[in-house]
Each structure stands twice: as structure tokens, then as C-alpha cells.
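A look at the structure
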Amino acid sequence: MTTAVAPIEAPPDTTAVTLGIIHATSPAQLVRGATEVAQALAGVIDKQKLYSQIQGKRFVRCEGWTTLAAMLGVTPHEVGVTEVEGVFTAIVELRRLSDGQAVGRASAECGAPDELDRKGEPLWAKRPRYARRSMALTRATAKACRLTFSWVMALAGYEVTPAEEIPTSATESEADADGTVLERATDEQITLVFAEAAKAGLTKETFPAWYTEVTGRPWKTVYEQDVKALLAESATRIAAKAAKREKVTA
């Protein structure tokens, strides 16, 4: 008498992303799960514009990398920051929310005198200490995420080097005093800002001082973050001029 042996059934073809782990029973399922995360991530990055366009390529900023980490149930934690001769070095660790287990770590620095801008001037060495410390942490956070999750970011269609790691001489962006990355406005936006400023009565000579008054920073170029404020201020001036003309002709 023979006993029938029940066939071994393959596990269900399901993938779950939860608490910092992509659960999969095969490489194919792992890729499918990561692709699902990547697609959702790309939607957020594109909508919120969490990347910098550099020489035709899209480099995700720290906020985009931490969004990816959060989607996988992981958060960054400051381990320590040291300062030597004005150069800050930060260490950041990625930990799972489920159990606090470290899943990644990286260090990065900010404030070295040989880090220069496009004009050959020190980019960070002369900035306030808090700004150098903050940028060191930002770079370490993005780097830790890159070392741990760069393959998922690649699936999302972006470059796997954080924007904060790109030399400033290669970018079209600057960093504000607090470390905020300032993106140069598009040519169309810049043309519009200049046209509206001219309607508002501003000239080539008066524009720089007005720009500083509106944005709080010295005139260099029109940054994308400033376009809305500059256009709003121009509209206010144009309306004031129109009202004045009406009053005179009344």
C-alpha cells in the first residue's frame, strides 16, 4: 500500500513592505516590492520637486531620501557631530521604527576651505557655525540613505548621488545661509520676473537693491524659490502705479 504524498505548494506570490523591511520569498518578489515603493516615491519627489536638475540629470535632495527611508519604516538619528578647525563632521544612523535596529550609517563633513563655489570663493568656510553643522548633518543623512537604499532610488528613475554631494561648481544652485538649496529659476521665469519688474518701474540700476529688499539676500540671480515673491511685489507696485494714475486723471 502506498501513501500519497501531498505536493509541496509554493508560497503565495505576495510582497509586503512594512516596518523597514521588504518581505519577499524570491528575488523577483523583492524587485516587485521595491518597484512599488519606487513608483510611489517618484510621485512624491516629482510633485514636491524634491530634486535638483544638474546638467540634465535629476539628483534627489535630502528630503527626498528621507521620504524613501520613511516609506520603508526607517528614520535617521544623529549619532554625533565634531568640529576641527571650523570643519564639522556629522555621523548619522538609520534605524528601523519597529525595533530600533540600525540598518545604515554614514559620516559627512562641511566647512572645508577647499570647497569652493563657481567663483572660486569658499562656499562654507565663512558661513555661520550653525549652518555648517546643519549641512554636515544633512549630507550625512542623505549619504546614509544612499548607502542603504540607492538601488530603490535607481528604480524610481533618479541619480543615486544625493544633490548635497554634488560639487557646487557643477550645479546651477547655491546654498542659503541656513543650508537651504536655492535653485536657479528657469530662463522663462527669469524673463517674466524682469518684464514685470520693468512694468513696476524698476530699472537695471534699482533692481538689485529691490531684489535684496524682497528676498533678504544679495543680488546674484533669480532663484526659483523667489519667483513668486518677486512677481507678487511687482504686481503690488504695478497696481499702486495704476491707482495713482487714476487719481491724477480723476
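Here is what the cut-offs are and how they apply
- Residues numbered from 1 in each chain as written.
- Predicted model: local features only at pLDDT ≥ 70, side-chain atom pairs only at ≥ 80, totals over all residues.
- Heavy atoms only, no water.
- Phe/Tyr/Trp six-rings, centres within 6.5 Å; stacked < 30°, edge-to-face > 60°.
- Helix = DSSP H or I, 4+ residues; strand = E, 2+ residues; numbered from the N terminus.
- Buried < 20%, exposed > 50% of the residue type's maximum accessible area, 1.4 Å probe, protein only.
- Lys NZ or Arg CZ within 6 Å of the ring centre and 35° of its normal.
- Pairing = 2+ DSSP bridges.
- Axes fitted to C-alpha atoms, helices over the stretch in contact; angles between N-to-C directions.
- Contact = heavy atoms within 4.5 Å.

Before going further, it helps to examine the packing of aromatic side chains. Inspection of the entire model under this criterion finds seven aromatic pairs. Between the aromatic rings of Tyr-51 and Tyr-158, the centroid separation amounts to 6.2 Å while the plane-to-plane angle is 40 degrees, which identifies the pairing as tilted. Placement of Tyr-51 in strand β3 (residues 51-54) and of Tyr-158 in the loop between α3 (129-155) and β8 (173-175) is noted, with a sequence separation of 107 residues between them. Under the relative-accessibility criterion, Tyr-51 is labelled buried at 14%. When its relative accessible area of 5% is taken as the criterion, Tyr-158 is described as buried. Centre to centre, the rings of Phe-207 and Trp-219 are 5.1 Å apart; their planes meet at 80 degrees, and the pair counts as edge-to-face. With Phe-207 in helix α5 (residues 207-215) and Trp-219 in the loop between α5 and α6 (227-249), this pair connects stretches of sequence that are twelve residues apart. Taking the relative accessible area as the measure of exposure, Trp-219 reaches 31% and is therefore partly exposed. Cation over ring: Arg-58 sits above Tyr-51, and NZ or CZ is 5.7 Å from the ring centre. The residue whose ring lies beneath Arg-127 is Trp-124, and the NZ or CZ to ring-centre distance is 4.8 Å.

Spatially, the three strands line up as an open sheet ordered β5-β6-β7, and their pairing is antiparallel. One side of each edge strand has no neighbouring strand; the edge strands of this open sheet are β5 (74-84) and β7 (102-110). The mean inter-strand angle of the sheet, taken between neighbouring strand axes irrespective of direction, is 15 degrees. Bridge count between β5 and strand β6 (residues 87-96): ten bridges; the pairing is antiparallel. Among the inter-strand pairings, Val-81 is bridged to a residue of β6, identified as Ala-90. Running at roughly 140 degrees to β7, α3 makes contact with β5, β6 and β7 of the sheet.

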